[in-house]
Amino acid sequence: MKVLQIKGYGAIKRNLVFNEIEKPPVKDNQILIEIYAASVNPIDYKIIEGVLKRIQKLSFPAPIGYDVAGIVVEKGANVRDFNIGDKVYSRVPSESPGTFAEYISVDTHAVCLKPSNLDFEQSASLPLVGLTTLQSFDKAKLKSGDKILIHAGSGGVGTFAIQYAKSKGAYVYTTTSTKNVSWVKELGADRVIDYKTENYLDIVSDLDIVYDTLGGNYTVDAFDVIKEGGKVISLTGEIDEETARELKLNGFIRFLLSMKRKKITKQIKKKSAYYKMIIMSPNGQQLQDIKKLVDGQSITPIIDKIFTFPESIDALLYQKSGRAKGKIVIKVK
């Protein structure tokens, strides 16, 4: 089968190659998915560039890609919940990526039947951003009436998070650039802040939750706009102690991380706040929850651009450019 692989750490164009390999074997609790579509996420190019190699080192050539939609063509001996011919979608486990390919074997706990009213490209756009948001808002205990700031409302995570927060009855602030203000409003945000002409720090205050998708100073500044006892959920901020333990990092690494987040720790104490850096986990049951939201039309996938499989490297370069409005999808078949 044809597969895109990483051949080394560094620049995207120089370190990706298409290869021909055998189809992956299917273990007892796995299904073999013929891939029809995969979507691109920032984690993909960060892995190529070596940003995450302290956490997970690669053996080259290494597979790439986590989001997938396709058809079950083979199943393991213990599989009862899926049948040959089922149309499914998944965010595959972190230890076994490889959705930029023609086939992939996936543990069934990470798989769900795809939404019936979506095509493969739309379905493939949902798993990572959807699961990340569900797990983030679960940690934040988001409820009706909460005021939440979602940074980067026009991005892949932002477009899903706005719709999901509104489905829960929250009051949503979000940030985006001038050209995207109108269509981000159409997603349901109550107050869209044009960061080209407005400073969100002058507009929002007394928030229950900040959903930090940007990191850096945005993580630290989030504590200035939450209320006493508010919550900051970050996707790219400093790793907190709880998350460090979940990652099973050793004591010395945890000490170094505690030094890196000293500013955040100070802010947490000042506001009696809760802070969590989310590491998303694959979850077939939560994909079922997302499917219900899509079937009920509470969530609509937002796709910026679809690339063909041979254009996968261009898709990754486009993701890195930061210009995408919504998700970037690769049509494999």
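Residues numbered from 1 in each chain as written. Predicted model: local features only at pLDDT ≥ 70, side-chain atom pairs only at ≥ 80, totals over all residues. Heavy atoms only, no water.

A. Broad picture of the overall build of the protein. When you go through the protein residue by residue, the secondary structure sums to twelve helices and 16 strands. Along the longest, intermediate and shortest principal axes, the C-alpha atoms of the protein span 55 × 45 × 40 Å. When burial is assessed residue by residue, the protein has 53% of its 333 residues classed as buried. For the protein, long-range pairs separated by at least 24 residues make up 69% of all intrachain contacts whose partners lie at least 6 apart in sequence. By element, 49% of the accessible surface of the protein is carried by carbon and sulfur atoms, the whole surface being about 15,200 Å². Each charge class in the protein was averaged separately, 48 positive and 38 negative side chains, and the resulting centres sit 4 Å apart. (Helix = DSSP H or I, 4+ residues; strand = E, 2+ residues; numbered from the N terminus. Buried < 20%, exposed > 50% of the residue type's maximum accessible area, 1.4 Å probe, protein only. Contact = heavy atoms within 4.5 Å. Areas by Shrake-Rupley, 256 points an atom, 1.4 Å probe, with all protein chains shown as cover. Lys, Arg positive; Asp, Glu negative; His and termini not counted. Charge placed at Lys NZ, Arg CZ, Asp CG, Glu CD.)

B. Local environment of the sheet that holds strand β2 (residues 16–20). Strand order across the open sheet formed by three strands is β2-β1-β4, with antiparallel pairing between neighbours. Across the chains shown, the open sheet's two edge strands, defined by having one partner strand only, are β2 and β4 (62–63). Here strand β1 (residues 2–6) runs beside β2; their pairing, made up of five bridges, is antiparallel. Its bridge partner lying in β2, Val3 is registered against Asn19. (Pairing = 2+ DSSP bridges.)

C. Inspection of the sheet that holds strand β14 (residues 274–277) at higher detail. A sheet is described by the order of its strands in space; here six strands give the open sequence β11-β10-β9-β12-β13-β14, paired in parallel fashion. Whereas interior strands pair on both sides, the edge strands pair on one side only; in this sheet they are β11 (191–194) and β14. Recorded for the sheet is a direction-independent mean angle of 15° between the axes of neighbouring strands. Sheet topology note: the strand β10 (residues 171–176)/β11 ladder contains four bridges and is parallel. Across the sheet, residue Thr174 finds its bridge partner in β11, namely Val192. On the sheet, helix α3 (residues 127–140) packs against β9 (147–150), β12 (207–212), β13 (226–234) and β14 and is oriented at approximately 150° with respect to β12. Of the strands in this sheet, β12, β13 and β14 are in contact with helix α7 (residues 217–225), which crosses β13 at around 155°. (Axes fitted to C-alpha atoms, helices over the stretch in contact; angles between N-to-C directions.)

D. Representation of unusual backbone geometry in the model. The amide bond that connects Phe60 to the next residue, Pro61, takes the cis arrangement and shows omega of -5°. Inspection of the secondary structure puts Pro61 in the loop between α1 (42–48) and β4. Backbone geometry at Lys248 places phi at a positive 60°, although glycine is not the residue there. Inspection of the secondary structure assignment puts Lys248 in the loop between α8 (241–246) and α9 (251–260). The backbone phi angle of Ser272 is positive, close to 50°, even though this residue is not glycine. As for its placement among the helices and strands, Ser272 is situated in the loop between α10 (262–271) and β14.

E. Structural view of the pattern of salt bridges. Per the stated rule, a full pass over the model turns up 16 salt bridges. Measuring nitrogen to oxygen at the nearest pair gives 3.0 Å for the salt bridge that ties Glu242 to Lys139. Placement of the pair is Glu242 in helix α8 and Lys139 in helix α3, with a sequence separation of 103 residues. Residue Glu242 is classed as partly exposed on the basis of its relative accessible area, which comes to 32%. (Salt bridge = Lys/Arg side-chain N within 4 Å of Asp/Glu carboxyl O.)

F. Fine view of the environment of Asp28. Inspection of the secondary structure assignment puts Asp28 in the loop between β2 and β3 (30–40). Spatially, the C-alpha atoms of Asp28 and Lys292 are 28 Å apart, while their sequence positions differ by 264 residues. Each residue touching Asp28, except ones within four places of it in the same chain, is listed here: Gly76, Ala77, Asn78 and Val79.

G. Highlighting the nonpolar core. Membership of the largest hydrophobic core comes to 45 residues, with the highest contact counts inside it found for Phe137, Ile148, Ile150 and Ile290. With near-sequence residues (within four places) excluded, Ile148 lies in contact with Phe137, Leu142, Ala165, Ala170, Tyr171, Val172, Tyr173, Ile209 and Tyr211. Counting 41 residues, the second largest nonpolar core, distinct from the first, contains Ile6, Ile64, Tyr66 and Phe100. (Core = buried A, V, L, I, M, F, W, Y, C linked by side-chain atoms within 4.5 Å.)

H. Representation of the packing of aromatic side chains. Tallied over the full model, the rule gives ten aromatic pairs. Pairing Tyr9 with Phe60 gives two aromatic rings, centres 5.0 Å apart and planes at 85°, and the pair type is edge-to-face. Highlighted residues: Tyr9 in the loop between β1 and β2 and Phe60 in the loop between α1 and β4, separated in sequence by 51 residues. Of the residues examined, Tyr9 reaches a relative accessible area of 27% and is grouped as partly exposed. (Phe/Tyr/Trp six-rings, centres within 6.5 Å; stacked < 30°, edge-to-face > 60°.)

I. Broad picture of helix α12 (residues 312–321). Among the residues of α12, Ser312, Ile313, Ala315, Leu316, Tyr318 and Gln319 are the ones counted as buried. Turning to α12, the residues buried within the fold contact β1, β2, β3, α1, β15 (303–308) and β16 (327–331). Just downstream of α12 lies Gly322, where phi reads positive at about 75°.

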